[in-house]
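Residues per chain are reported as follows:
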Amino acid sequence: MPVEKSNAPIGIFDSGIGGLTVAKAISALLPNEELVYFGDTMHMPYGEKSVNLIRAYALKITDFLLNVKKCKAIVIACNTASAAAYEVLRDIHIGNVPVINVIDPMVEAVIADNTINRVGVIATKTTVKSGTYQEKFYRRKPTLEFTALATPLLASMIEEGFFNNNISTAILEKYLSHSELDSIDAIVLACTHYPLIKKEIDTYYKGKVKIFDSAEIVANRLKWILEKENLLTDKRTKDNLFYISDYTESFAQTAQQFFGSNLQLKENNLWE
Ligand code: DGL
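Residues numbered from 1 in each chain as written. Predicted model: local features only at pLDDT ≥ 70, side-chain atom pairs only at ≥ 80, totals over all residues. Heavy atoms only, no water.

> Give me the lowdown on the pattern of salt bridges, citing residues and values where you can.
With the rule as written, the count across this model stands at 12 salt bridges. When the shortest N-O distance is used, the salt bridge between aspartate 104 and lysine 136 registers 2.9 Å. Placement of the pair is aspartate 104 in helix 5 (residues 103–111) and lysine 136 in helix 7 (residues 132–140), with a sequence separation of 32 residues. As far as the burial class goes, aspartate 104 and lysine 136 line up, both buried. Between lysine 198 and aspartate 213 there is a salt bridge, and its shortest N-O distance comes to 2.7 Å. (Salt bridge = Lys/Arg side-chain N within 4 Å of Asp/Glu carboxyl O. Helix = DSSP H or I, 4+ residues; strand = E, 2+ residues; numbered from the N terminus. Buried < 20%, exposed > 50% of the residue type's maximum accessible area, 1.4 Å probe, protein only.)

Dropping the structure here:
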């Protein structure tokens, strides 16, 4: 692999701030890597959209990250887009650019834990409806009891910075007390927005249910793939870049909390 390619940035995308949880973990694990993040705030929430529409968004964003920003790898830092578009993206770019989704590494992390007999997944409507988690768990470990609950209010609530208050706690409790999630040993936060309310979820379960979120798991998977493909950079080239399809104050604030105030944030409506 030519040296220039390993010094290219890593492209990461989500509908909004959720993927920042993954980007942050990547930046902590691989501090020399340059990241180009795309938050499709204009089309958020993805979880309420059809598979075909999400696929079209994912193709457009990936085209920008690869052809304009010349990224060396793509991280789909969104469960909904991973469920809707991973296979299409992987097949288009196979042998050319690694495409990493957030679902496979998560499923592997859960099945590797032999203390878990019953797992609950909370996610957007589109992710739950896709059946992707259920199918992947069943294929790899048919004995694992599986249950999934759509929690559609959470992503938009988090995107707006509306959490850690009485109303958000009440909404969360309403979801988590649902009978679908009775007697689980582990809960998968199958939306990259949810790590931002991980503490509240842990408080609800009083630390008795294992909580899996994708941030570090996906960062480790990415590192492994970049190593394998000889794509890890040997020098820091430029600063991270953040794009959003529509400017929102809440994205700007959260991105600054995650990456500091010198952050380079640009609005870029790819659909114009
Ligand atoms: N963060 C996204 C996910 O992981 C989706 C949030 C949304 O746009 O509905 O599923």
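> Hey, could you go over helix 8 (residues 152–159) for me, with residue numbers and the actual values?
Looking only at helix 8, the buried set comprises Leu154, Ala155, Met157, Ile158 and Glu159. In this fold, the buried residues of helix 8 make contact with helix 2 (18–29), helix 9 (166–176) and helix 12 (249–259). A positive backbone phi angle near 75° is found at glycine 161, which sits one or two residues after helix 8. (Contact = heavy atoms within 4.5 Å.)

> Kindly report on helix 10 (residues 198–205), identifying the contributing residues and their values.
Each full turn of the α-helix corresponds to 3.6 residues, which orients residues three or four apart in the same direction. Residues of helix 10 that are buried: Glu200, Ile201 and Tyr205. Looking straight down helix 10, one finds its buried side chains confined to an arc of 135°; they lie on one side. Along helix 10, exposed side chains directed more than 90 degrees from the buried face belong to Lys199 and Thr203. Where the residues of helix 10 are buried, they touch strand 5 (118–123), helix 9, strand 7 (186–189) and strand 8 (210–213). Backbone geometry just after helix 10 places lysine 206 at a positive phi near 50°. (Arc of directions from axis to C-beta.)

> Just give me the short version of the site of the ligand, but keep the residues and values in it.
The environment of the ligand is formed by 14 residues, the closest being Ser15, Tyr46, Asn79, Thr80 and Thr192. Interatomic distance of 2.8 Å between a backbone N/O atom of glycine 47 and an oxygen atom of the ligand. Between the ligand and asparagine 79, the relevant distance is 2.8 Å, taken from an oxygen atom to a main-chain nitrogen or oxygen of the residue. Starting from 300 Å² of accessible surface for the ligand in isolation, the protein chains cover 99%. Broken down by class, the residue content of the shell around the ligand amounts to six nonpolar, seven polar and one charged. (Near = heavy atom within 4 Å. Polar contact = N/O pair within 3.5 Å; in protein donor to acceptor, adjacent residues only side chain to side chain. Areas by Shrake-Rupley, 256 points an atom, 1.4 Å probe, with all protein chains shown as cover. Nonpolar A, V, L, I, M, F, W, Y, C, P; charged D, E, K, R; others polar.)

These figures come from the coordinates and say nothing about function on their own.
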